[in-house]
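# Fold and contact review
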Amino acid sequence: MCDTCGCSITDGNRAQAHAIHAPSGADTIEVLESLLAHNDHQASHNREHFDNHGVIALNLMSSPGAGKTTLLESTIEALGGKRRIAVIEGDLETENDAARIRRCGVPAVQITTGTACHLDAHLVHDAVHELDLDELDIVFIENVGNLVCPASFDLGQHLNVTLLSTTEGDDKPAKYPVMFRGADMVLLTKTDLLEALKDDFRPENAERAVRALGNEAPILRLSPRQPHTLEPWLDWILESHARQRGAPVSRAV
Amino acid sequence: MHELAICQSLLAQVENVARENDADRVSVITIELGPLSGVVPVLLKRTFGVARRGTLAENAELVVEETQPRIRCRSCGKEATVPENRLLCPDCGDYHVTLTGGDELILKTVTLHATEPPETETGSMASLAKEY
């Protein structure tokens with residue numbers, strides 16, 4: 001139906017059911033409910049699933065090509081011996097990314113959205129059921145590469161990680177405020193290219209643009225090509241997981 | 001362009017409200033929408049025009065009440081309306097702010113009509129039906 005990008009409804013979000021209260025005798029009914037109530041309900045359910053198993057779920061979002069899969073490969077290589085990891089991969093088409101992750105020796109479930117430009121909580125729920133959460137510590141959800149649509153859909157993750165690569169503009173947070181405002185961690189990736197890019201990308205400009213959204217999240221600079229730059233990111237993951245193990249908390253939706 | 005998914009969700013909610021109130025036609029749907037919800041009003045309206053076909057809201061008007069981002073500064077307490085990509089305190093410039101509005105994505109009201117009164121009931125829906 002959408003000729004622009006083919007965005008479509010997904011299998012999970014068709015049937016909706018909500019209780020309402022109607023003032024008798026009135027023909028205008030007050031509802032006051034989120035348009036995404038059905039998705040949000042499923043997302044809460046997903047989060048409970050993760051909590052019950054002490055698993056932390058991290059939702060990775062960025063433009064296509066910012067380096068999500070490459071970062072995951074390096075992260076799995078560094079943490080694979082210390083924590084049990086699985087990845088849920090969202091793409092429009094192909095199993096390529098899941099195959100890359102499986103080559104790292106961890107389970108990966110590929111969701112191919114076909115024409116939908118984002119993952120939703122129902123798609124993630126189906127994928128979670130293909131994983132054995134008893135055998136896992138960390139689940140990464142690699143969202144569809146897109147800085148717009150994924151920002152509106154809670155999947156049941158605990159934390160949002162948004163990547164911005166140095167080959168994009170350093171003003172992207174100002175252009176995509178919904179995405180960058182919702183980030184719990186912002187990663188400036190491909191920083192090994194900074195020298196060649198000179199003034200085309202200034203990390204401090206990107207950082208300022210994130211702060212201008214009222215976002216207090218940590219902002220890290222890294223490149224998988226320079227493994228030592230990954231350390232603060234790896235520490236953050238381990239700390240987040242330790243917190244989740246200590247006191248699983250479901251965010252209220 | 002996720003507005004279609006949002007629209008389908010909206011229509012399903014609206015149809016549920018209509019069915020639970022024994023209405024078979026929806027004339028007006030009012031939603032509240034903030035720019036930080038990530039939904040674009042003009043795209044939502046355009047999509048609604050297509051997505052409503054074949055539903056109880058086939059001829060319904062979608063009224064979008066747009067809100068503005070509002071923040072409260074946690075440093076100086078200032079409250080202000082701000083642009084969506086500049087959520088800073090306009091007085092002290094601090095980014096330690098709390099968003100108090102502008103991310104709404106809410107179905108507010110649905111206006112319902114019944115073309116035929118339910119056989120076992122009289123009352124509001126029945127009287128409404130006389131109009132048609």
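Above this text sits the structure in question.
Each chain carries its own residue numbering, running from 1 in the direction its sequence is written. Chains carry letters and ligands carry numbers; both start at the beginning, A for chains and 1 for ligands, and go up in the order they are written. Local features are withheld for residues below a pLDDT of 70 in this predicted model, meaning they are given only at 70 or higher, and side-chain atom pairs are given and counted only at 80 or more; totals for whole chains, interfaces and linings count all residues. No hydrogens and no water enter the side-chain calculation; it runs on all heavy atoms of the structure.

## Re the overall build of chain B
Secondary structure follows DSSP: runs of H or I at least 4 residues long count as helices, runs of E at least 2 residues long count as strands, and numbering of each begins at the N terminus. Along its length, chain B carries three helices and six strands. When its helices and strands are written in sequence order, chain B yields α-β-α-β-β-β-β-β-α. Here a residue-residue contact requires only that any non-hydrogen atoms of the pair lie within 4.5 Å. Within chain B, contacts between residues at least 6 apart in sequence are counted, and of these 66% link residues at least 24 apart. Computed with a 1.4 Å probe, the accessible areas rest on the Shrake-Rupley method; for each residue, only the protein chains presented here act as cover. Counting only carbon and sulfur atoms, one obtains 44% of the accessible surface of chain B, whose full area is about 6,200 Å².

## Some remarks on the sheet that holds strand E5 (residues 97-101) of chain B
Residue and element names in this part refer to chain B. Ordered in space as E4-E3-E5, the three strands form an open sheet in which the pairing is antiparallel. Each edge of the open sheet is held by one strand with a lone partner, namely strand E4 (79-81) and E5. Shown here is a sheet whose adjacent strand axes are inclined to one another by a mean of 30°, direction ignored. For two strands to be treated as a pair, DSSP must find at least two bridges joining them. Inspection of the sheet shows strand E3 (residues 70-73) paired to E4 by three bridges, in the antiparallel sense. Looking at E4, one finds that Arg70 is bridged to Thr81. Convention adopted: a line fitted to C-alpha atoms gives each axis, helices being fitted over their contacting stretch, and angles between N-to-C directions are expressed from 0 to 180 degrees.

## Description of the pairing of strand E2 (residues 56-61) of chain A
Residue and element names in this part refer to chain A. Exposure categories follow from relative accessible area, calculated using a 1.4 Å probe and restricted to protein chains: below 20% of the type maximum is buried, above 50% is exposed, and the middle band is partly exposed. For E2, the buried fraction is high: six of the six residues fall into the buried class. Because side chains alternate across E2, one face comprises the buried residues Ile56, Leu58 and Leu60, and the other comprises Ala57, Asn59 and Met61, equally buried. As defined by bridge partners, E2 adjoins strand E5 (residues 138-142) across five bridges and the pair is classed as parallel. The residue bridging Ala57 from the neighbouring strand is Val139, located in E5.

## Examining the nonpolar core
Residues belong to one nonpolar core when they are buried, are Ala, Val, Leu, Ile, Met, Phe, Trp, Tyr or Cys, and are joined through side-chain atoms within 4.5 Å. Residues B:Leu10, B:Val26, B:Ile29, B:Ile31 and B:Leu107 are the most contacted members of the largest nonpolar core, which totals 31 residues. Looking at this core, the elements with two or more residues in it are strand E1 (28-34) of chain A together with helix H1 (3-20), strand E1 (25-33), helix H2 (41-51), strand E2 (61-66) and strand E6 (105-113) of chain B. The leading source of residues in this core is H1(B), at nine residues. When neighbours within four sequence positions are excluded, B:Ile31 is seen to be in contact with A:Leu35, B:Leu10, B:Leu44, B:Leu62, B:Val63, B:Val64, B:Glu65, B:Ile106, B:Leu107 and B:Lys108. By size, the runner-up hydrophobic cluster in this structure holds 29 residues, among which are A:Leu72, A:Ile138, A:Leu234 and A:Leu238.

## Comments concerning the sheet that holds E2(A)
All names here are of chain A. Taken in spatial order, the seven strands line up as E4-E3-E5-E2-E6-E7-E8 in an open sheet, and their pairing is parallel. Either end of the sheet is taken by a strand with one partner, and the two such strands are strand E4 (108-112) and strand E8 (219-221). Pairwise comparison of adjacent strand axes, ignoring direction, gives a mean angle of 20° for this sheet. In this structure, strand E6 (residues 159-165) lies alongside strand E7 (residues 185-189), joined through five bridges in parallel fashion. Counted as the bridge partner of Thr162 is Val186 from E7. The strands touched by helix H4 (residues 121-128) within the sheet are strand E3 (85-91), E4 and E5, with E4 carrying the most contacts at an inclination of about 145°.

## So, the layout of surface pockets
Here the largest pocket defines a volume of roughly 1,000 Å³. Think of a 1 Å grid over just the protein atoms. A cavity is a set of points where a 1.4 Å probe fits yet cannot get out, a pocket is an open set with protein on both sides within 12 Å along at least five of seven lines, and lining residues have an atom within 4 Å of a point. Taken together, 33 residues line the largest pocket, and the ones lying closest to its centre are A:Ala151, A:Ser152, A:Asp154, A:Arg181 and B:Asp103. Contributions of two or more residues to the lining of the largest pocket are made by helix H1 (37-52), E2 and helix H6 (177-181) of chain A together with E6 of chain B. In terms of residue count, H1(A) provides more of the lining of the largest pocket than any other element does, five residues in total. When its volume is computed, the second largest pocket comes out at roughly 260 Å³. In terms of lining, the second largest pocket is formed by 19 residues, of which the most central are A:Val178, B:Pro35, B:Gly38, B:Val40 and B:Glu84. Grid points are joined across faces, edges and corners, and a volume is the space filled by probe spheres set on the points.

## Observations concerning the side chain of A:Gln244
Along the polypeptide, A:Gln244 turns up in helix H9 (residues 231-246). Polar contacts here mean pairs of N or O atoms no more than 3.5 Å apart (in protein, one a potential hydrogen donor and the other a potential acceptor; neighbouring residues in sequence count only if both atoms are side-chain atoms). One polar contact links A:Gln244 to A:His158, side chain to side chain, over a distance of 3.3 Å.

## So, the pairing of E7(A)
All names here are of chain A. Of all five residues in E7, five are buried; the element is thus mostly enclosed. Of the two faces of E7, the one lined by Met185, Leu187 and Thr189 and the one lined by Val186 and Leu188 are each fully buried. Here three bridges tie E7 to E8, and the two strands are oriented parallel to one another. Its bridge partner being in E8, Val186 is matched across the sheet by Ile219.

## Considering the packing of H1(A) against H4(A)
All names here are of chain A. For the pair H1 and H4, interaxial distance at closest approach is 8 Å and the crossing angle is 30°. Comparing the axis directions of H1 and H4 gives the class roughly parallel. Like other packed secondary-structure pairs, H1 and H4 cross with a definite hand, here left-handed. Side by side, H1 and H4 meet where His38, Asn39, Gln42, Ala43, His45, Asn46, His49 and Phe50 of the first sit next to Ala121, His122, Val124, His125 and Val128 of the second. Its residues assigned to classes, the contact of H1 with H4 comprises five nonpolar, eight polar and no charged. For this classification, under 35 degrees means roughly parallel, over 145 means roughly antiparallel, 65 to 115 means roughly perpendicular, and everything else is oblique. In this scheme the handedness of a crossing depends on how the near helix is turned from the far one: anticlockwise by less than a right angle means left-handed, clockwise means right-handed. Residues are grouped as follows: Ala, Val, Leu, Ile, Met, Phe, Trp, Tyr, Cys and Pro are nonpolar; Asp, Glu, Lys and Arg are charged; every other residue, Gly included, is polar.

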